[in-house]
Each structure stands twice: as C-alpha cells, then as structure tokens.
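# Structural features, examined
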Amino acid sequence: MNKISVVVPCFNEEEVLSMFYKKTSEVLNEIEDITYELLFVDDGSKDHTKDILRALSLKDDHCEFISFSRNFGKEAAMFAGLKKSSGDYVVIMDADLQHPPILLKEMYKAVSQEGYDCCAGKRVDRTGEGKMRNFLSHTFYKVMQKMCKMDMSDGCGDFRMMSRQMVDAILELKEYNRYMKGLFSFVGFDTKWIEFHNVQRVAGESKWNFSKLFAYALEGMFSFSTAPIVWIGNIGTAIMISSIIMAIFGLLVHVTSMFHLVCLILFLSGLQMLFVAILGQYTTKDYMESKQRPIYIVKETSRNLS
Ligand code: UDP
Ligand code: MG
C-alpha cells in the first residue's frame, strides 16, 4: 500500500488549520488503497498554530508536526517537511486552502499510474490579487525564465506531488539559500501540469508583503542566475567605449561643460555602487553557505517524529 505525505508549512495559520485538516483528510480518505500522513511544519508562529497542531496530532494518528524555534521562512519549512516525510509520494500544500485538496486525487493518479515523477498544480489566473502584485509577479517570472533558462513560469508554485526519488534528489541539494521553485526545475524529472483557478485564502492574511516578495525575488535571481554579472561586464565595457569616443569628440570640437561633467560623474559613481552591490549579493550568498548554519532549528515535534 502506498503512503502519501502531505507537507504543510504553517505560519500564523490558526484561523484556517481546522478547515484545512477537515477538507484535506476528506479527500485523502477517498483515495483507495493508500495510507497517508499530514505533516505540518509550524514556522515559528506567534498565534495558536502550535497548540492546534499539538491537539491534532493527539487526536488523529495521521497528523504529525514539527515546530521551529523561530520563523525561518516557507522555504525552510518545506525543506524540513520533505526531510521528515516518509511517504512513497510527497505533496506540498499551503495551509490556507489556496491549493485545492480535490486535485490530490488526480495528482496521485498521475504519479502512481501514469508514469510521472511529479504532478504539479499550475495556477492559470490571479483573480482576487492586487493589480500591482499581479504585474510584478508576472514580470519577475518572465525575467527569471530568460535569465535562468529553466522552467519557472508564473503560476507554477510549490503545490506538487513528487515521487520519493525526486524528493530524495531535492534533499541531496544542501544549499543554505534555498529557492524551491528553482530546485524543482534543477532536479528535472517528468512533470505533469494540472491547471487550476486561483482561490482566495479561506481566512487569515497572506504572509507576504511587498518587501518580503522583493527579497524573495532577489533570492531567486541571485541563487539561480549569474546573468547580472555578465550584464555588469557588458554595461561597463559599453560605458568605457563610449567615454573614449566622447573624449576624442571633445578634443576635436573643444567642448567643456561643467554641469554635464558633474552629471556624468554622479551617474558613473551610482552605476559603480550598483555593480558593487550586485557582486556583493553573490559574495554574501557564498559567505552564508560557508558558515554552514542549519537551515532551520526544531523546538518541538509530535511524538512519532522525535
Ligand atoms: N508560510 C510559512 N512561513 C512564512 C510565510 C508563509 O510557512 O514565513 C506558509 C503559510 O502559512 C502558508 C504558505 O506558506 O501555508 C503560503 O503563504 P501565504 O498564503 O501567506 O502566501 P501567498 O498565498 O499569499 O503567496
Ligand atoms: Mg496563500
């Protein structure tokens, strides 16, 4: 009998957890000839998330939880969940029911009968999300697709069921700066895509604000692409060549303009600072990797996981 592990990262999700548990268990109980575990990862929540998870694990043997010592972020929570999972197939789901549990049936069929290693949900619209967030996300994924030459299109999130082989391949990647969408793409394997429409979270609030999303976008870019370094080189070369041409032109026609000179100096200093900052991003990534700090720290787990 196959076992499905459902990994659920949770950060301040007290309002949605019982609904998530009810709906997801209902669907899992309808899938024939399987056993399952619901593996919740409390990512340092400040509300009653941990108490609810503790109660669930005592009430239902299918439920297990790990609780972090502080908020380490969704990437760390997903990694911890994958690491603790024991199923033949593992699916990652958000706690707010934005990943429709009903799709689990089709996902399981794809990985257990149709020969796929992975079956992933692809959100085809962003109805209900702010226009600005919509536009920025779309642009970010377009740029990433070009820069990384990997399949990271908009709407392809973390909602996916994977074979044990694929999960183990992801766990082999020990990097500290984890960007899961990139890691899924990096390990490869045959993926079936199932499209679904965006649903609003059932309760509570999104944990992402503009600055968190911006940091996440930079994380993705600097973890998976070295294209910005190539850009720096190209821009620097272009500026050098133009300045030589301008100098020759200046000698020929004897132009002097203090104001333009100041503007040029300011522009070039700004550009240099930006380039140093971009290089710095790669160096700090390397710095964090070399420290080999743990990706997360566990404070408490349910009985079966300890
Ligand atoms: N999450 C987490 N740690 C965080 C932020 C979010 O574990 O630091 C979880 C959150 O509880 C939810 C999932 O990641 O289960 C997706 O978060 P959210 O719904 O806030 O993101 P959105 O759907 O708005 O992209
Ligand atoms: Mg959500």
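Looking at an unreviewed UniProt entry, the protein chain carries the name Glycosyltransferase, group 2 family protein, with the source organism given as Holdemanella biformis DSM 3989. According to its UniProt record, the protein chain has this under Subcellular location (unreviewed entry): "Cell membrane".

Around ligand 1 sit 18 residues in total, of which Pro-9, Glu-13, Asp-43, Ser-206 and Lys-207 are the nearest. At 2.7 Å from an oxygen atom of ligand 1 is found a main-chain nitrogen or oxygen belonging to Pro-9. In this structure, an oxygen atom belonging to ligand 1 sits 2.6 Å away from a side-chain N or O atom of Glu-13. Considered on its own, ligand 1 offers 530 Å² of accessible surface; in the complex 92% of this is hidden by protein. Its residues placed into classes, the shell around ligand 1 shows five nonpolar, four polar and nine charged.

Let us look at helix α1 (residues 17–30). Along its 14 residues, α1 runs 20 Å from first to last C-alpha, staying within 8% of the 20 Å computed at 1.5 Å per residue. Inspection of α1 places Leu-17, Phe-20, Tyr-21, Thr-24, Ser-25, Val-27 and Leu-28 among the buried residues, and these make up the whole buried set. Looking straight down α1, one finds that the buried residues subtend no more than 165° of arc, so they occupy a single side. In α1, those exposed residues whose orientation departs by more than 90 degrees from the buried face are Lys-22 and Asn-29.

Evaluated as defined, the whole model comprises seven aromatic pairs. Taken together, a centroid distance of 6.2 Å and an interplanar angle of 65° make the contact between Phe-79 and Tyr-296 edge-to-face. Highlighted residues: Phe-79 in helix α3 (residues 74–84) and Tyr-296 in the loop between α10 (258–291) and β8 (298–301), separated in sequence by 217 residues. Note on accessibility: Phe-79 and Tyr-296 belong to one class, buried.

Orientation of helix α8 (residues 210–224) relative to α10, taken along the N-to-C sense of each, is 80°, at an axis distance of 10 Å. Here α10 runs roughly perpendicular to α8, going by the angle between their axes. Every residue of α10 that contacts α8 at Glu-219, Met-221, Phe-222 and Ser-223 is listed here: Ile-278, Gln-281, Tyr-282 and Lys-285. Residue composition of the contact of α8 with α10, by class: four nonpolar, two polar and two charged.

Okay, helix α4 (residues 103–112) next. Quick reminder: α-helices carry 3.6 residues per turn. Residues three or four places apart thus point the same way. Within the sequence span of α4, burial applies to Leu-103, Leu-104, Met-107, Tyr-108, Ala-110 and Val-111. With its buried residues spanning 160° around the axis, α4 presents them on a single face.

Moving on, we get to the UniProt feature "transmembrane region" (unreviewed entry) in the protein chain. Residues annotated in UniProt with the feature "transmembrane region" (unreviewed entry) correspond here to residues 229–252 and 258–283. The distance from the first to the last C-alpha atom of residues 229–252 is 35 Å, and the span holds 100% helix and 0% strand. Structurally, residues 258–283 is divided into 100% helix and 0% strand, and its ends, taken at the C-alpha atoms, are 37 Å apart.

Another point: the environment of Ala-217. Relative to the helices and strands, Ala-217 resides in helix α8. Sequence separation of Ala-217 and Met-144 is 73 residues, and the distance between their C-alpha atoms is 9.1 Å.

This part takes up the side chain of Arg-178. The residue Arg-178 is located in the loop between α6 (164–172) and α7 (180–187) in this model. For the buried Arg-178, which has no salt bridge, the nearest side chain bearing the opposite charge is Glu-175, at an N-O separation of 5.7 Å. Within the structure, Arg-178 has its side chain in polar contact with the backbone oxygen of Ile-170 (distance 3.5 Å). Among the polar contacts listed, one links the side chain of Arg-178 to the backbone oxygen of Glu-175, at a separation of 3.1 Å. Filtering out sequence-adjacent residues up to four positions away, Arg-178 remains in contact with Glu-75, Phe-79, Ile-170, Leu-173, Leu-183, Glu-219 and Ile-295.

Counting buried positions over the nine residues of strand β1 (residues 2–10) gives seven, a clear majority of the element. The sheet contact formed by β1 and strand β2 (residues 34–42) spans nine bridges and is parallel. Within the sheet, the bridge partner assigned to Pro-9 lies in β2 and is Val-41. For the segment spanning β1, α1 and β2, crossover handedness is right-handed.

Okay, the nonpolar core next. Residues Phe-68, Leu-82, Met-162, Ile-170 and Tyr-296 are the most contacted members of the largest nonpolar core, which totals 44 residues. When residues in this core are grouped by element, the largest group, six residues, is from α3. Every residue in contact with Phe-68, bar those within four places of it in the chain, is listed here: Val-41, Asp-42, Asp-43, Gly-44, Ala-76, Ala-77, Ala-80, Tyr-296, Ile-297, Val-298 and Lys-299. By size, the runner-up hydrophobic cluster in this structure holds 36 residues, among which are Val-8, Met-93, Leu-103 and Phe-159.

Located in the positive-phi region is Phe-189, a residue other than glycine, with phi close to 75°. Mapped onto the fold, Phe-189 is located in the loop between α7 and β7 (191–196). Even without a glycine there, the phi angle at Gln-292 is positive, about 55°. Of note, Gln-292 is situated in the loop between α10 and β8.

Cut-offs used in this document
Residues numbered from 1 in each chain as written. Chains lettered and ligands numbered in written order. Predicted model: local features only at pLDDT ≥ 70, side-chain atom pairs only at ≥ 80, totals over all residues. Heavy atoms only, no water. UniProt positions renumbered as here; feature names shortened; annotations may be inferred. Near = heavy atom within 4 Å. Polar contact = N/O pair within 3.5 Å; in protein donor to acceptor, adjacent residues only side chain to side chain. Areas by Shrake-Rupley, 256 points an atom, 1.4 Å probe, with all protein chains shown as cover. Nonpolar A, V, L, I, M, F, W, Y, C, P; charged D, E, K, R; others polar. Helix = DSSP H or I, 4+ residues; strand = E, 2+ residues; numbered from the N terminus. Expected span 1.5 Å × (residues − 1). Buried < 20%, exposed > 50% of the residue type's maximum accessible area, 1.4 Å probe, protein only. Arc of directions from axis to C-beta. Phe/Tyr/Trp six-rings, centres within 6.5 Å; stacked < 30°, edge-to-face > 60°. Axes fitted to C-alpha atoms, helices over the stretch in contact; angles between N-to-C directions. Parallel < 35°, antiparallel > 145°, perpendicular 65-115°, else oblique. Contact = heavy atoms within 4.5 Å. Lys, Arg positive; Asp, Glu negative; His and termini not counted. Salt bridge = Lys/Arg side-chain N within 4 Å of Asp/Glu carboxyl O. Pairing = 2+ DSSP bridges. Right-handed = clockwise from strand over helix to strand, strands pointing away. Core = buried A, V, L, I, M, F, W, Y, C linked by side-chain atoms within 4.5 Å.

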